[in-house]
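# A look at the structure
Letter by letter, the chains look like this.
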Amino acid sequence: MKFEFDIADGDFAKAGTSSSQVKHILKQLNVDTKIIKKTTVAIYEAEVNVVAHAVGGGKLLADINLERIVVEVADLGPGIADIPQAMVEGFSTASPEVISMGFGAGMGLPNMRKNADKLEIISGVDEGTRVVITNYI
Amino acid sequence: MSNNAIHHALRVDYEKCRGCCNCMSVCPTDAIRIRNGKPLIFQHRCIDCGKCYRACPESAIRVEQDDFNEIFKYTRRVALLPSILKGQFPETIPKQRIYSELLEMGFTDVFEVGMMWRVFHLATARYIKNNQDKKPFISSFCPAVLRLIQTRFPSLLDHVIPMRAPVDIAALFYRRQLLAQGVPDDEIGTFYVTPCAAKVSAVKTPNPHERTILNGVINMDYIYNRVWKRIRGEEKDMPPEPLAETLCEKGVLWFLTAGESEYARGRSLAIDGIANVIEFLENMENEEISDIDFLELRSCDQSCAGGVLTSCNRFLTVERLRNRAERSRKATCLKDPDRWDDIDDDTEYLVDHIMLGKINPKPALTLDEDMGRAMVKMEKLQKILAILPGVDCGLCGSPNCQALAEDVVNGDASLRQCIFLQKKRVAGDKTKITEAGKILDAVWGKNIFDGRAIDLEE
Ligand SMILES: Nc1ncnc2c1ncn2[C@@H]1O[C@H](COP(=O)(O)OP(=O)(O)OP(=O)(O)O)[C@@H](O)[C@H]1O
Ligand code: SF4
Ligand code: SF4
Ligand SMILES: [Mg+2]
């Protein structure tokens, strides 16, 4: 079953809305609470990254079946130049404005990896970024 | 979905109810539906917050309570009081007067639940020390919040400190004192003068694994009305001896917002009001909240001062109790609450005996326990949501479009209850207007225009 949600551009107050919606669906489906927790945390980080680093907002696509949850969070750029470097704990290019909002510790992607059974990041400079989080049920 | 194990204390008086559906609109957990013109509470969703009780303009929702005469089944009749009771009365009324009226009513003992704050505090501190991996810790003080977490946020249950509620600790303490004096167990009756419906339900939900320590609950408004009537009726000399031990400042403030968080170590937050609590728990599930050690979460605005069974304005109660606390503070200087070396045997016993086992989830959001079946329902739900208008008018008898869609897939409602869809069907000759009228009657009752002449020409 597929679900689609929009992620608003640059609105930190609303970051978390899509992850909350996915979380609600997972609760309705009676998915194990530990898996819900992991998945929500991972999606939330991806959602915040769209708000903090991308321009023009993004989309969240969730595909759920009895075996796994796949969530794709996609935006239209500016993209990540060096993905392995971005994955390093503490690495961040967050703007002062983002830091003033309490983000930018460079912990989002590492936290995502910790809470995802499989994590794929497809990105390049001036391209969009697609983060695909898979958790098995 | 059956959660029959939960007992709820709210009852609808169908005679008084005129079906205005204010209750349905305010319920924070979407637990209310309208059927045949009257509210129906979905028990597995209700958390006993009492919002519906407050919102009802006809006072048609009431909180079930024990018959007061139940207390006379026992030879020792103990009234357990939250400090909130004192806060209902002007500060000019000495607490001795309130206690003595309770004794006149038939109690043999009065005891302030606030006396237990230090036991609670020490047990909390010890649990936190031994379970650092469960941070941030959520207090289990408020039974409505506990139910909210069990039903809607089960993944956060791990953070809840599994401790008995304050009044249960007080009942355990007082019973032990009386047993030590040789009073037989079955002659002791302990009764809580409760400010909230949530506690009534918690007491009435049977726990087959446990001996009863708290025998019943008496609604605070009932006690207040009786005591206040007598106090206004006559002047009285107060007995020189105090009738109950003096409560320290912290015991007075315990029931108010920040009553726990003030003394918690590390970073703590106090949040009151059920909507605020829900919003916070949503964020907490996303791990948006970090570096907090302790959370005091209370269902009522102004905590127990705003309990639905209180009679006095909650802000006034807070002010009065702060003044009373200030007087206690001047009278007795408080010892360091975190010291373990000065505690007596009773405190030590209680600290060791008030932890509960695992708190079980009671998930209320699941469409079906079997995930496969839940998926089938979810697919249907999405299709229904796509056609519903999304105006959340409530005329279908469900509080919003999302809730109607869930009700339809759960077999609790029919899609034809949506009046927008009905209109379309009537316009397209798919449903007869008389048929549509019958559907509306099933939700709102036949008598909605009762006694009123309707002249559509005017
Ligand atoms: N969607 C994205 N678009 C562009 N760049 C991104 C995106 N997501 C991550 N990045 C880059 O990867 C870096 C590391 O991301 P990560 O989420 O780990 O840390 P952060 O967002 O900077 O800080 P934190 O997540 O701790 O608030 C970011 O600073 C940014 O340069
Ligand atoms: S007590 Fe609270 S949760 Fe229960 S039906 Fe009333 S408003 Fe809803
Ligand atoms: S805040 Fe106090 S009065 Fe209100 S529900 Fe919780 S324990 Fe009861
Ligand atoms: Mg980030």
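Residues numbered from 1 in each chain as written. Chains lettered and ligands numbered in written order. Predicted model: local features only at pLDDT ≥ 70, side-chain atom pairs only at ≥ 80, totals over all residues. Heavy atoms only, no water.

Our focus in this paragraph is helix 7 (residues 166-180) of chain B. Residue and element names in this part refer to chain B. When the terminal C-alpha atoms of helix 7 are compared, their 21 Å separation across 15 residues agrees well with the 21 Å that a helix rising 1.5 Å per residue should span. The buried fraction of helix 7 is high, at 11 of 15 residues. The complete set of buried residues in helix 7 reads Pro 166, Val 167, Asp 168, Ile 169, Ala 170, Ala 171, Leu 172, Phe 173, Tyr 174, Arg 175 and Leu 178. (Helix = DSSP H or I, 4+ residues; strand = E, 2+ residues; numbered from the N terminus. Expected span 1.5 Å × (residues − 1). Buried < 20%, exposed > 50% of the residue type's maximum accessible area, 1.4 Å probe, protein only.)

The next point concerns the pattern of salt bridges. Tallied over the full model, the rule gives 34 salt bridges over all chains. Within this structure, Lys 23 and Lys 27 of chain A together with Glu 282 and Glu 285 of chain B form a network of salt bridges that share partners. (Salt bridge = Lys/Arg side-chain N within 4 Å of Asp/Glu carboxyl O.)

Here we come to the site of ligand 3. Taken together, the neighbourhood of ligand 3 is formed by Cys 142, Pro 143, Pro 195, Cys 196, Arg 298, Ser 299, Cys 300, Ser 303, Cys 304 and Gly 307 of chain B. Grouping the amino acids of the shell around ligand 3 by side-chain chemistry returns 6 nonpolar, 3 polar and 1 charged. (Near = heavy atom within 4 Å. Nonpolar A, V, L, I, M, F, W, Y, C, P; charged D, E, K, R; others polar.)

With that settled, the discussion passes to the interface of chain A and chain B. Interfaces are often sized by the amount of accessible area the parts lose when they come together. Facing the 24 residues of chain A at the interface are 25 residues of chain B. Buried area between chain A and chain B, both sides added, is near 2,200 Å², and the carbon and sulfur share of it is 61%. For Glu 282 of chain B, the salt bridge is made with Lys 23 of chain A, and the minimal N-O distance between the two is 2.7 Å. Remark: the boundary between chain A and chain B carries 9 residue pairs in polar contact (both at pLDDT 80 or more). When residues of the side of chain A that touches chain B are traced back to their parent elements, those giving at least two are helix 1 (17-28) and helix 2 (33-53) of chain A. Top contributing element to the side of chain A that touches chain B by residue count: helix 1 of chain A, with 7 residues. When the residues that make up the side of chain A that touches chain B are grouped by side-chain class, the tally is 11 nonpolar, 10 polar and 3 charged. (Contact = heavy atoms within 4.5 Å. Buried area = accessible area lost by both parts, 1.4 Å probe. Polar contact = N/O pair within 3.5 Å; in protein donor to acceptor, adjacent residues only side chain to side chain.)

Turning to the side chain of Thr 317 of chain B, a few remarks are in order. Residue and element names in this part refer to chain B. Tracing the backbone shows Thr 317 in helix 12 (residues 314-331). The buried category is assigned to Thr 317, whose relative accessible area is 0%. Once you skip the residues sitting within four places of it in the chain, Thr 317 turns out to touch Ile 84, Gly 87, Gln 88, Ala 305 and Cys 312.

Moving on to the site of ligand 1. Residue and element names in this part refer to chain A. Taken together, 20 residues sit near ligand 1, with His 53, Ser 92, Thr 93, Gly 104 and Met 107 positioned nearest. Residue Asp 75 places a side-chain N or O atom 2.9 Å away from a nitrogen atom belonging to ligand 1. Here Leu 109 contributes a backbone N or O atom positioned 2.8 Å from an oxygen atom of ligand 1. Taking 590 Å² as the accessible area of ligand 1 by itself, protein coverage stands at 93%. (Areas by Shrake-Rupley, 256 points an atom, 1.4 Å probe, with all protein chains shown as cover.)

It is worth spelling out the sheet that holds strand 3 (residues 68-75) of chain A at this point. All names here are of chain A. Strands sit in the order 1-2-3-5-4 across an open sheet of 5 strands; the sheet is antiparallel. What marks the edges here is a single partner per strand, and that holds for strand 1 (2-7) and strand 4 (118-123). Put simply, the sheet's adjacent strands are angled 15° from each other on average, direction ignored. As paired strands, strand 1 and strand 2 (residues 58-64) are joined by 6 bridges and run antiparallel to one another. Considered in strand 2, the bridge of Ile 7 is made with Gly 58. Strands strand 1, strand 2 and strand 3 of the sheet are contacted by helix 1, whose axis makes an angle of about 160° with strand 1. (Pairing = 2+ DSSP bridges. Axes fitted to C-alpha atoms, helices over the stretch in contact; angles between N-to-C directions.)

Another point: the domain arrangement of chain B. Residue and element names in this part refer to chain B. Segmentation of chain B into domains returns domain 1 (1-62), domain 2 (68-353) and domain 3 (368-458). Placing the centre of domain 1 and that of domain 2 at their C-alpha centroids yields a distance of 26 Å. Listed by partner, the interface residues are 16 residues for domain 1 and 21 residues for domain 2. Carbon and sulfur atoms supply 62% of the area buried between domain 1 and domain 2, which totals about 1,500 Å² over both sides. Contact with domain 2 buries surface across domain 1, with His 7, Ile 47 and Arg 54 losing the most and accounting together for 35% of the total. A salt bridge links Asp 48 to Arg 147; its shortest N-O distance comes to 2.6 Å. Put simply, domain 1 and domain 2 have 5 residue pairs in polar contact (both at pLDDT 80 or more) between them. Taken together, the residues that form the side of domain 1 that touches domain 2 break down as 7 nonpolar, 5 polar and 4 charged. (Domains from an automatic or database assignment.)

Another point: the pairing of strand 6 (residues 109-112) of chain B. Residue and element names in this part refer to chain B. Where burial is concerned, the two faces of strand 6 agree: the one with Asp 109 and Phe 111 and the one with Val 110 and Glu 112 are both buried. With 4 bridges joining them, strand 5 (residues 76-81) and strand 6 adopt parallel strand pairing. Counted as the bridge partner of Leu 81 is Glu 112 from strand 6.

All names here are of chain B. Tallying each qualifying case throughout the model produces 17 aromatic pairs over all chains. When the ring of Phe 68 is compared with that of Tyr 222, the centres are 5.6 Å apart and the planes differ by 40°; the resulting orientation is tilted. Of this pair, Phe 68 sits in the loop between strand 4 (61-63) and strand 5 while Tyr 222 sits in helix 9 (residues 220-233), and the two are 154 residues apart along the sequence. For Tyr 222, a relative accessible area of 27% puts it in the partly exposed group. (Phe/Tyr/Trp six-rings, centres within 6.5 Å; stacked < 30°, edge-to-face > 60°.)

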